[in-house]
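Results of the structural survey
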Amino acid sequence: MATLFSEFKLRDITFKNRIAVSPMSQYRALDGYANDWHLVHLGRFAVGGAGLVYAEATAVEKDGRRTHGDLGLWDDAQVDQLTPVTRFIEREGAVPGIQLGHAGRKASERRPWHGETPVDEEDAAERGEHPWPAIAPSAIPYADGWPDPEEMSEDDIQRVIDSFGSAARRSCEAGFKIIEIYAAHGFLVHQFLSPVANKRNDRWGGSTENRMRFAIEVARSVRANWPEGYPLAFRLSATDWLEDGIEIDDTIETAKALKAAGVDMIDCSSGGIGGKERPRRMVIEEGFQTPFAERVRKEADIATMAVGFLWGAEHCEEIVASGRADMVAVAREMLDDPNWPLHVAARLGTDEGHALWPIESGWWLMKRDRLLKKLGLR
């Protein structure tokens, strides 16, 4: 059997294989509430054979949304709409996961097809979607043309930390079995970690130790409201790709501190802190972020997930089989082919006769193959 299809256990949760569906924002929620779109979108990945299916970035505060279409878990009433999603995912053999986050200075943004620029009165007039004020570690805008966020007070910081804990409790009530904290791509936790966005001179800024304090307190807040047997992951931007930003050595130290605070896995991404332009140091190619997962796994002694432009079956198998990462997260390939895990299993010789497929689909495909063989077409 291919290593990619071996079981993997974190705390009391066992994943049937090492393939995760990466969180992918859909911008289809209404006032933070899930709907049928989320059931169908996420459910098809469970049917397609993934071991872990993550729901998209879900805001822990209403003002922590990136866009008007973001999912939310800032209210107990939002739990019920997510329960059918987790129930279906689990029934199909996958582990339901959720990514919790706060947009910070990236809040009040238009959806991608509306430009990914700040919401303004034009949106209010056309779609009834009004802008809202953003908060951040420091009053530094996300990019040129963005409004200055309000620098967070001690009360603001504590409120958001508590909000992560409350959202973790609601995640459990909704049926999720693993949480990933969104601490990458320029979102609020990343903003505290990065010296590019964090210019504070109090206990939340300055030194590396101070800048990682917010992330650690978020981890502790979530862990206090999350079952002991359920795993907790963090998605980190391993490097900002900027000369004055986070480097991989900083991330290794952060991973060690997060592990001590109860975190079980690091999802190793990169970039996103310095506006929408791609830094010149950032060269995108297949698996370009995997070396970060490899170093964090080895030097911080914590499980890691590789993510970013992963699509080849043999490439993903090599990542896991060689111990470079414990899991791989796939996004675009899943959108193109929700049955990607099942097709990869066949390619790697792990699934013969469609045995891993849902029994109804597998039966029909087996009949098809027999007929094609009989006709000499296969």
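Since we're looking at a predicted model, the values are computed, not measured. (Residues numbered from 1 in each chain as written. Predicted model: local features only at pLDDT ≥ 70, side-chain atom pairs only at ≥ 80, totals over all residues. Heavy atoms only, no water.)

All chains considered together, the criterion is met by 32 salt bridges. The salt bridge involving Asp-123 is made with Arg-127; its shortest N-O contact spans 2.2 Å. Taken together, the positions of Asp-123 and Arg-127, both in helix H3 (residues 121-127) and four residues apart, correspond to about one turn of that helix. Each of Arg-110, Arg-111, Asp-120, Asp-123, Glu-126, Arg-127 and Glu-129 takes part in one network of salt bridges that share partners. (Salt bridge = Lys/Arg side-chain N within 4 Å of Asp/Glu carboxyl O. Helix = DSSP H or I, 4+ residues; strand = E, 2+ residues; numbered from the N terminus.)

This next bit is on helix H4 (residues 154-174). An ideal rise of 1.5 Å per residue puts 30 Å on 21 residues; H4 measures up with 30 Å between its terminal C-alpha atoms. Restricting attention to buried positions, one finds in H4 the residues Asp-156, Ile-157, Val-160, Ile-161, Ser-163, Phe-164, Gly-165, Ala-167, Ala-168, Arg-170, Ser-171 and Ala-174. (Expected span 1.5 Å × (residues − 1). Buried < 20%, exposed > 50% of the residue type's maximum accessible area, 1.4 Å probe, protein only.)

This paragraph deals with the packing of helix H1 (residues 36-47) against helix H2 (residues 83-91). A packed helix pair is summarised by two numbers, namely the angle formed by the two axes and the spacing between the axes. Here H1 crosses H2 at 10°, and the two axes come no closer than 9 Å. On the basis of their axis angle, the class for H1 and H2 is roughly parallel. The way H1 lies across H2 gives a crossing that is right-handed. Where H1 abuts H2, its residues His-38, Leu-39, Leu-42, Gly-43, Ala-46 and Val-47 lie against Pro-84, Val-85, Phe-88 and Ile-89. In terms of residue class, the contact of H1 with H2 is made up of eight nonpolar, two polar and no charged. (Axes fitted to C-alpha atoms, helices over the stretch in contact; angles between N-to-C directions. Parallel < 35°, antiparallel > 145°, perpendicular 65-115°, else oblique. Left-handed = near helix turned anticlockwise from the far one by under 90°. Contact = heavy atoms within 4.5 Å. Nonpolar A, V, L, I, M, F, W, Y, C, P; charged D, E, K, R; others polar.)

In this section: the nonpolar core. Nonpolar side chains tend to gather and get buried jointly when the protein is soluble and globular. Residues Ile-181, Phe-214, Phe-234, Ile-266 and Val-328 are the most contacted members of the largest nonpolar core, which totals 102 residues. Element by element, the count of residues in this core is highest for H4, at seven residues. In contact with Ile-181, other than residues within four places in its own chain, are Leu-100, Phe-164, Val-189, Val-218, Val-222, Leu-232, Ala-233, Phe-234 and Arg-235. Counting residues in hydrophobic clusters, the runner-up holds eight residues, among them Trp-132, Ala-134, Tyr-182 and Ala-184. (Core = buried A, V, L, I, M, F, W, Y, C linked by side-chain atoms within 4.5 Å.)

Let's shift gears to the packing of aromatic side chains. Summed over the entire model, instances satisfying the criterion amount to 10 aromatic pairs. Between Tyr-142 and Trp-146, the aromatic rings sit 5.1 Å apart at their centres with planes inclined by 85°, giving edge-to-face as the arrangement. Classification of Tyr-142 as buried rests on a relative accessible area of 7%. An aromatic cluster of at least three residues, connected via ring pairs, comprises Phe-192, Trp-204 and Phe-214. The side chain of Arg-28 reaches across the aromatic face of Trp-37, ending 3.8 Å from its centre. Between Arg-65 and the ring centre of Trp-132, over which it is positioned, the NZ or CZ distance is 4.7 Å. (Phe/Tyr/Trp six-rings, centres within 6.5 Å; stacked < 30°, edge-to-face > 60°. Lys NZ or Arg CZ within 6 Å of the ring centre and 35° of its normal.)

Moving on to the packing of helix H8 (residues 248-260) against helix H9 (residues 290-299). With their axes 9 Å apart at the nearest point, H8 and H9 run at an angle of 45° to one another. Judged by the inter-axis angle, H8 sits oblique to H9. Here H8 runs over H9; the crossing is right-handed. On H9, the residues that touch Ile-248, Asp-249, Thr-251, Ile-252, Ala-255 and Lys-256 of H8 are Phe-292, Arg-295, Val-296 and Glu-299. For the contact of H8 with H9, the class distribution of residues is five nonpolar, one polar and four charged.

Turning our eyes to something else, we now look at the pairing of strand S10 (residues 232-237). Here S10 lies mainly inside the structure; six of its six residues are buried. In S10, alternate side chains face the same way, and those of Leu-232, Phe-234 and Leu-236 on one face and Ala-233, Arg-235 and Ser-237 on the other are all buried. Pairing geometry for strand S9 (residues 178-183) and S10, over five bridges, is parallel. Residue pairing for S10: Glu-180 is matched across the bridge by Ala-233. The sheet contact formed by S10 and strand S11 (residues 265-269) spans five bridges and is parallel. From the neighbouring strand, Leu-236 faces S11, where its bridge partner is Cys-268. With H8 bridging S10 and its parallel neighbour S11, the resulting β-α-β unit is right-handed. (Pairing = 2+ DSSP bridges. Right-handed = clockwise from strand over helix to strand, strands pointing away.)

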